[in-house]
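Residues per chain are reported as follows:
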Amino acid sequence: MKKVVIIGGGIAGLSAGIFARINGFESIILEKNHNLGGECTGWNRQGYHIDGCIHWLVGTKEGTPIHDLWTTVGALDGVEIFHPESFLAFEHEGDTVHFYHDLNRLKSSWLELSPQDEEAVNNFCQAICQLQSFEVPVAKPMDLMSLVEKFKLMMAMKDAGMIMQKYGKISLTEYAKTFKHPALRETLASFLPEGYSASSVFFALAAFTKGQASIPYGGSKALAMRMEERYLALGGTIETRCEAVELVIDRNKVRRVTCSNGKTFGADYFIAACDAHMFYERLLKGKYPDSAFEKRFNNPKDYPLASEIRVALGYAGTVGDLPRTFRFPVAGFKIHQKPISHLTMTHYQHEPAFAPDGHTLITCSINQFHSDYEAWHALAKDSRAYRREKARIGEEVLGAIETRFPRMGGKLKVIDVTTPKTYERYCNAYRGAFMPFLPTVRGKMMDHSGRIKGLDNILLSGQWLQPPGGLPVALITGKDTIMRFCKKEKKQFIKC
Ligand SMILES: Cc1cc2nc3c(=O)[nH]c(=O)nc-3n(C[C@H](O)[C@H](O)[C@H](O)COP(=O)(O)OP(=O)(O)OC[C@H]3O[C@@H](n4cnc5c(N)ncnc54)[C@H](O)[C@@H]3O)c2cc1C
């Protein structure tokens, strides 16, 4: 039996491991942390369970190919799905804009708010509606497709192609100007950071409004643990606290991987299901550069990477009918000298087990980009100053929520604050990024096969290979990697 060593036990590594076992490879996952799941995780603090990942999971609609794939790996098998009433509610100068799950309701609420925007609202909803037919292609990666299969895929992607053509090169900020009402303008303009393509908003809302991007009950860590169980049940093995630090390479092949605990592992095939930058720079020591990645890593303006500060708060109460994710303006709050104009808070009322009885977990995410990361990186050199700044941010967020919701006054406490440095330390995530390069108007979309020029038996897998990254890309690329090894072995790929 041929053996595969998988470096990294995130969703891509688990997916690769499960498909390796289904396809008759011996498989071992090497994971630097004690737990598997990578960025798809959660942790306990002061009686609360802080969900560290899933705001929305593409693949929650039964009967779709991506849902079937999640089911095969054990992630969604029999799991109940929570469909929030809205994706986001955005408050601006006394008005609230809701991104409702029900597209008709979204449309009528926007028209009620701004009858003069009828044409723009109709166009917006029509584009979302048109994209609802789009299904994430999961069957095969492009490099393994025949010409006929490629043609069929292009036909199936027709609607997506039309939306990309129309909105792919317009920034969201520009697109927002097609609306007259200030709240609608501001909502759309700040949906994603400056420079990001308007197309992203349509893909996100098309998936959400058709029930394809909701939230599995139990949260992120539970999802990863179900995949781990499936992998172990299939006979896969795992080494935790086992960080790969060196690859032994000989004649175009990786022969062994050496780990921080002194153990070494040999195999026929290797999968780097870990951070791409760490892989190219630390494990391959910069000796196998890849121009597609280099171009992007060296141009943060056109290929920005997002990370975040996440403040978790315990609330001694229930939040009632407050939208699950609520964005509201704040004043006088700065981080690294930059004013923060809005806060996005999410509550977990649908998960009573995430908080003590009668209490609710609330998280608040603040996006961080290039210069923010630099500031955190410098600050983290002084651990006391770093901790002080985290505590200050936690208290500022708490104060801002109390100001907006006076009824919460005295009932909130900060239970945890993570920064880009947290994700870097925990997952080796480059600059703390939680997603790969998002589509901007100037950047080109990445579509990478994971092959390393000059190396025969190792492939990169995971969120970095395709936009927009996230859990579905980790899942799909993990499977695709095993499909490529099956082809090399001249074996028919078995999908479940
Ligand atoms: C705060 C946050 C919110 C998010 N929200 C969503 C969401 O709502 N929806 C969504 O789809 N996606 C979301 N994501 C993104 C999603 O979590 C990631 O895209 C996905 O988990 C990436 O999976 P991966 O396996 O490719 O990489 P990772 O999760 O980074 O897994 C890589 C694994 O490799 C391990 N590793 C790294 N280096 C080594 C080494 N040298 N040796 C051994 N092990 C190593 C790491 O510890 C990690 O376990 C979010 C991410 C974050 C951080």
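Residues numbered from 1 in each chain as written. Predicted model: local features only at pLDDT ≥ 70, side-chain atom pairs only at ≥ 80, totals over all residues. Heavy atoms only, no water.

**With respect to the packing of helix α13 (residues 370-379) against helix α15 (residues 420-427)**
Applicable threshold: Helix axes use the C-alpha atoms of the stretch in contact, all axes being lines fitted to C-alpha atoms, and the angles between their N-to-C directions lie in the range 0 to 180 degrees. A run of H or I in DSSP becomes a helix once it reaches four residues, and a run of E becomes a strand once it reaches two; helices and strands are each numbered from the N terminus. In this scheme, roughly parallel covers angles under 35 degrees and roughly antiparallel covers those over 145, while 65 to 115 is roughly perpendicular and the rest are oblique. Residues are treated as being in contact if the distance between any of their heavy atoms lies within 4.5 Å. Residues were grouped as follows: Ala, Val, Leu, Ile, Met, Phe, Trp, Tyr, Cys and Pro as nonpolar; Asp, Glu, Lys and Arg as charged; and all remaining residues, including Gly, as polar.
Direction vectors running N to C along α13 and α15 enclose 70°, while the axes themselves pass 9 Å from each other. On the basis of their axis angle, the class for α13 and α15 is roughly perpendicular. Where α13 abuts α15, its residues Tyr-373, Trp-376 and His-377 lie against Pro-420, Lys-421 and Glu-424. Of the residues belonging to the contact of α13 with α15, the class tally is 3 nonpolar, 1 polar and 2 charged.

**Points about the sheet that holds strand β11 (residues 244-250)**
Going by this rule: For two strands to be treated as a pair, DSSP must find no fewer than two bridges joining them.
An order of β11-β12-β13 is seen for the 3 strands of this open sheet, with the pairing classed as antiparallel. Both edges of this open sheet fall to β11 and β13 (264-266), since each of them pairs with a single strand only. The mean angle between the axes of side-by-side strands here comes to 25°, regardless of whether they run parallel or antiparallel. Pairing of β11 with strand β12 (residues 253-259) involves 6 bridges; the strand directions are antiparallel. From the neighbouring strand, Glu-246 faces β12, where its bridge partner is Thr-258.

**Regarding empty space enclosed by the protein**
Filter applied, for reference: Of the two site types, the cavity is a set of points on a 1 Å grid over the protein atoms alone where a 1.4 Å probe fits but cannot get out, and the pocket is an open set with protein on both sides within 12 Å along at least five of seven lines, each lined by residues with an atom within 4 Å of a point. Grid points are joined across faces, edges and corners, and a volume is the space filled by probe spheres set on the points.
Under the criterion given, the structure shown has 1 cavity of 30 Å³ or more. Considering only enclosed or pocket space, the largest cavity measures out at about 50 Å³ in volume. The wall of the largest cavity is formed by Arg-296, Tyr-303, Phe-437, Leu-438, Pro-439, Thr-440, Gly-443, Lys-444, Met-445, Met-446 and Pro-467. Class assignment of the residues belonging to the lining of the largest cavity gives a composition of 7 nonpolar, 2 polar and 2 charged.

**Some points on the layout of surface pockets**
The following threshold applies: Residue ranges assigned to the domains are those given by an automatic or database domain assignment.
Computed from the structure, the second largest pocket encloses a volume of approximately 650 Å³. Looking at the lining of the second largest pocket, the elements with two or more residues in it are α2 (65-72), α5 (147-156) and α16 (470-488). Residue classes in the lining of the second largest pocket are distributed as 14 nonpolar, 2 polar and 10 charged. When residues are assigned to domains, the lining of the second largest pocket turns out to be shared by domain 1 (3-79 + 216-301 + 440-488) and domain 2 (84-210), each giving three or more.

**Side note on unusual backbone geometry**
Of the consecutive residues Pro-467 and Pro-468, the connecting peptide bond is found in the cis state with omega at -5°. Position of Pro-468 among the secondary structure elements: in the loop between β23 (455-460) and α16. With a phi close to 60°, Asn-252 is a non-glycine residue in the positive phi region. Following the sequence through the fold, Asn-252 ends up in the loop between β11 and β12. A positive phi angle, near 55°, is found at Lys-285, a position not held by glycine. Note on placement: Lys-285 falls in the loop between α11 (276-283) and α12 (291-297).

**Quick notes on the site of the ligand**
What counts, and what does not: If even one non-hydrogen atom of a residue comes within 4 Å of a molecule or strand, that residue is called near it. Pairs of N or O atoms within 3.5 Å make up the polar contacts considered here, provided that, within protein, one atom can donate a hydrogen while the other can accept it, and that residues adjacent in sequence are counted only when both atoms are side-chain atoms. The Shrake-Rupley method, run with a 1.4 Å probe sphere, supplies the accessible areas, and residue values consider only the shown protein chains as cover.
By nearness alone, 36 residues border the ligand, and Glu-31, Glu-39, His-55, Ala-244 and Gln-463 come closest of all. Contact between the ligand and Gln-463: an oxygen atom at 2.7 Å from a side-chain N or O atom of the residue. A total of 990 Å² of accessible area belongs to the ligand in isolation, and the protein chains cover 97% of it. Broken down by element, the shell around the ligand gets its largest block of residues, 4 residues, from α16.

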